[in-house]
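Analysis of the macromolecular model
Residue strings, one per chain:
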Amino acid sequence: MATIHNSDSTAGTSPRDGALPSVWQQLSGARPQATIADATDQLWDVIVVGAGITGLTTALRLQEAGLDCVVAEAHQVGFGTTGGTTAHINTMLDTPYHTIESDFGEDGARLVAAATRVGIDTVARNVATYQLDCDFEYKDGVLFAETEQEAELLDKIFSAAQRAGVDVAPTASLSIPLHFHKAIVFHRQAQMHPLKYVYGLADRFVMRGGILLENTHVEDTAYDDGYHRVQTSNGLLRARRLVYATHVPPGLNILHLRCAPYRSYVLAVRIENGNYPDDLVYDMKDPYHYFRTHTIDGVPYLIVGGADHKTGHGDAHAAFRELEAYVRKHFKVSSVEYRWSAQYFEPTDGLPYIGKLPGGDEDTYVATGFSGNGIVLGSFSGMLLTDVILGAENPYEKLFSPSRIKPIAGFASFLKENADVAYRFVADRVHINQLNELAELPSGTGTVVNYEKQQIAVYKSYEGEVIALSPVCTHAGCIVAWNDAEKSWDCPCHGGRYDVRGNVLSGPPRKGLQPISLVHD
Ligand code: FES
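Residues numbered from 1 in each chain as written. Predicted model: local features only at pLDDT ≥ 70, side-chain atom pairs only at ≥ 80, totals over all residues. Heavy atoms only, no water.

1. Looking at the environment of Cys 259
Looking at where Cys 259 falls in the secondary structure, it is placed in strand E11 (residues 259–271). Once the C-alpha coordinates of Cys 259 and Gly 350 are considered, the two residues, 91 residues apart in sequence, prove to be 9.6 Å apart. If sequence neighbours within four positions are ignored, Cys 259 has contacts with Val 248, Phe 345, Glu 346, Pro 347, Tyr 353, Thr 368 and Gly 369. (Helix = DSSP H or I, 4+ residues; strand = E, 2+ residues; numbered from the N terminus. Contact = heavy atoms within 4.5 Å.)

2. Digging into the environment of Glu 362
Secondary-structure assignment places Glu 362 in the loop between strand E16 (353–356) and strand E17 (364–368). Sequence separation between Glu 362 and Tyr 459 is 97 residues, and the spatial gap between their C-alpha atoms is 41 Å.

3. Brief notes about the nonpolar core
Ranked by internal contacts, the top residues of the largest apolar core, which has 114 residues, are Tyr 97, Met 192 and Tyr 197. For this core, the element with the most residues is helix H2 (residues 97–129), which contributes 11 residues. Residues within four places of Tyr 97 in sequence aside, it is in contact with Thr 91, Met 92, Ala 109, Val 112, Ala 113, Thr 116, Ala 160, Ala 161, Ala 164 and Val 166. Ala 72, Phe 345, Tyr 353 and Val 366 belong to the second-largest nonpolar core, a separate cluster that totals 23 residues. (Core = buried A, V, L, I, M, F, W, Y, C linked by side-chain atoms within 4.5 Å. Buried < 20%, exposed > 50% of the residue type's maximum accessible area, 1.4 Å probe, protein only.)

4. Examining the side chain of Ser 264
Tracing the backbone shows Ser 264 in strand E11. Polar side-chain contacts of Ser 264 include one of 2.6 Å to the side chain of Tyr 290. Beyond its immediate chain neighbours, meaning those up to four positions away, Ser 264 contacts Tyr 290, Gly 306, Asp 308, Trp 340, Ser 341, Ala 342 and Tyr 344. (Polar contact = N/O pair within 3.5 Å; in protein donor to acceptor, adjacent residues only side chain to side chain.)

5. Concerning the state of the cysteines
Inspection of the entire model under this criterion finds one disulfide. Covalent S-S linkage joins Cys 478 and Cys 493, the inter-sulfur distance amounting to 1.9 Å. Taking the torsion about the sulfur-sulfur bond, which here is approximately -90 degrees, the covalent link between Cys 478 and Cys 493 counts as left-handed. Taken together, the residues Cys 478 in the loop between strand E21 (466–469) and strand E22 (481–483) and Cys 493 in the loop between strand E23 (488–490) and strand E24 (497–498) connect sequence positions 15 residues apart. Note on Cys 493: relative accessible area 29%, which makes it partly exposed. Residue Cys 259 stays outside any disulfide, its sulfur separated by 14 Å from that of Cys 493, the closest cysteine. Its relative accessible area of 3% is what places Cys 259 among the buried residues. (Disulfide = S-S within 2.5 Å.)

6. Notes on the pattern of salt bridges
Tallied over the entire structure, the rule returns 20 salt bridges. Glu 486 is paired through a salt bridge with Arg 16; the nearest N and O atoms lie 3.1 Å apart. Of the two residues, Glu 486 sits in the loop between E22 and E23 while Arg 16 sits in the segment before strand E1 (43–49), which places them 470 residues apart along the sequence. Of the residues examined, Arg 16 reaches a relative accessible area of 1% and is grouped as buried. One network of salt bridges, with partners in common, ties together Arg 16, Asp 17, Glu 486, Asp 490 and Arg 497. (Salt bridge = Lys/Arg side-chain N within 4 Å of Asp/Glu carboxyl O.)

7. What to know about the sheet that holds E22
What the four strands build is an open sheet, ordered E22-E23-E24-E25; its pairing is antiparallel. The strands lining the two open edges of the sheet, one partner per strand, are E22 and strand E25 (504–506). The sheet contact formed by E23 and E24 spans two bridges and is antiparallel. Across the sheet, residue Trp 489 finds its bridge partner in E24, namely Tyr 498. (Pairing = 2+ DSSP bridges.)

8. Digging into helix H5 (residues 316–330)
Over its 15 residues, H5 extends 22 Å from the first C-alpha to the last, a length consistent with the 21 Å expected when each residue adds 1.5 Å. Every buried residue of H5 is accounted for by Ala 316, Ala 319, Phe 320, Leu 323, Tyr 326 and Val 327. Viewed along the axis of H5, the buried residues span an arc of 125 degrees, placing them on a single side of the element. The outward face of H5, more than 90 degrees from its buried face, is lined by the exposed residues Arg 321 and Lys 329. (Expected span 1.5 Å × (residues − 1). Arc of directions from axis to C-beta.)

9. Details of the packing of aromatic side chains
Considering all chains together, one arrives at 12 aromatic pairs under this definition. Centre to centre, the rings of Tyr 301 and Tyr 338 are 6.1 Å apart; their planes meet at 75 degrees, and the pair counts as edge-to-face. Here Tyr 301 is found in strand E14 (residues 299–310), whereas its partner Tyr 338 is found in strand E15 (residues 333–347), with 37 residues between them in sequence. Judged by its relative accessible area of 7%, Tyr 301 falls in the buried class. Members of the aromatic cluster, connected to one another through ring pairs, are Tyr 282, Tyr 288 and Tyr 290. The ring of Tyr 138 carries Arg 188 above its face, with NZ or CZ at 3.9 Å from the centroid. One residue, Arg 238, lies across the ring of Tyr 227, its end atom 5.5 Å from the ring centre. (Phe/Tyr/Trp six-rings, centres within 6.5 Å; stacked < 30°, edge-to-face > 60°. Lys NZ or Arg CZ within 6 Å of the ring centre and 35° of its normal.)

10. Details of helix H6 (residues 374–390)
The terminal C-alpha atoms of H6, which comprises 17 residues, lie 23 Å apart, in line with the 24 Å expected from a rise of 1.5 Å per residue. Extensive coverage of H6 is indicated by the burial of 15 of its 17 residues. Positive backbone phi, approximately 75 degrees, marks Gly 391, located one or two places after H6.

11. What about the pairing of strand E10 (residues 235–244)?
Summarising the sheet, E1 and E10 pair through six bridges and their orientation is parallel. Its bridge partner lying in E10, Ile 47 is registered against Leu 242. Across five bridges, strand E9 (residues 227–232) lies against E10 in antiparallel orientation. By the bridge assignment, Gln 231 is partnered in E10 with Leu 236. Counted between consecutive antiparallel strands, the loop separating E9 from E10 contains two residues. Sheet topology note: the E10/E17 ladder contains three bridges and is parallel. For Tyr 244, the partnering residue across the bridge sits in E17 and is Val 366.

Dropping the structure here:
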């Protein structure tokens with residue numbers, strides 16, 4: 001019988017960007033000490049927006065380099081994807097090395113492989129230097145083929161990874177009893193508890209004089225007289241440089257056309273015979289499944305991910321069903337303890353965008369497009385962004401620069417048209433008894449309904465309260481879709497997400513969904 005840990009995001013502020021708690025959120029240890037300080041009267045060297053792994057790795061490194069930094073987090077440390085990742089730390093990337101080689105050359109593939117090593121080494125060094133208690137362990141990562149066709153692709157992946165300098169070898173065994181045709185093993189991969197790690201980074205950042213502001217939402221930015229003016233929900237901050245560690249940056253930017261948002265699904269299960277895999281394991285399906293073991297408070301969990309789909313385009317319950325059927329096919333599952341989903345961004349050319357934000361204000365930086373490799377690439381970004389900001393020479397800067405994006409003809413008018421759409425929705429009050437679909441709507445769910453030729457996003461809480469919102473995403477005007485598993489409104493265009501009251505859970509939108517008054521008569 002499944003004993004799934006669920007919560008209703010309507011009951012209060014969600015500790016993560018969704019209603020389903022991840023296995024990491026059962027953390028009993030103390031949360032990091034956010035700074036209670038007025039940061040408005042100082043001109044900062046750097047404002048980092050976002051307190052996930054990318055933001056905190058970058059901020060800590062910059063602070064250590066002698067810069068005065070402030071981190072502004074709209075929610076709490078690890079609220080976004082860092083609190084929902086499965087924390088596989090790999091030299092093997094979602095974009096295979098033969099693809100990188102054909103698009104960026106052999107030298108490019110070698111640089112990417114070296115970058116992944118830098119990412120892993122950055123985590124290992126932080127764990128050692130700051131004595132972070134986060135269950136960090138080196139592991140082997142095994143990729144296995146189940147069919148002849150998959151084996152052919154595996155050969156290609158293996159050869160290109162070797163040419164790129166990755167430590168990889170064929171293997172005849174798996175640490176779990178799965179049938180396979182062929183397999184390769186990537187040595188010296190790693191895993192850890194992602195929330196313990198970022199909480200540790202946050203503490204060390206504050207101990208070194210950094211300012212961490214939680215519940216500080218960036219509402220607007222402007223660049224003037226050589227510095228950024230960042231209007232937040234806690235006052236105006238000023239800084240010479242601005243780093244967006246928020247996946248894609250807010251506002252309208254060409255990166256929104258170059259990064260596609262996806263959701264990946266995860267189960268944490270107990271298995272009967274105690275036969276938990278020791279390695280990080282990956283199959284070759286599309287989307288692929290990935291699993292590993294993590295022991296929390298003496299309890300081992302098999303953590304299985306997959307069933308990915310584009311944000312706002314899939315059925316979350318179907319994804320969980322597919323994943324559960326997969327894991328039950330291969331393991332004797334005694335209970336499903338946790339299930340949750342998390343968001344990532346897929347770059348169109350396969351490599352992340354790390355560096356100066358193209359088309360943005362002076363001295364604005366970004367790191368995004370990590371695919372499913374957020375821990376390693378977020379950690380690598382901390383190193384690369386620090387070097388770029390300090391003007392230090394770096395072999396990686398050009399390859400990962402967001403300025404490799406070519407300007408798109410008509411982009412300016414695309415933005416204007418979409419920005420116009422965002423503000424066209426007008427419905428100041430609606431008669432509740434005319435929302436016919438509402439009677440059929442089960443508690444705890446939402447849907448987009450029609451009302452006098454307009455659409456309205458309605459949610460019915462478990463207590464029977466009806467909340468009506470404009471379904472028009474405030475970023476660029478797309479219509480949001482209901483995510484029934486995470487109890488959120490998800491935008492199918494660029495991955496903006498809102499809670500049931502329309503508050504922004506994750507960017508790029510800056511403003512919440514417009515509330516609509518319901519009239520009872
Ligand atoms: Fe861009 Fe919604 S996130 S239109």
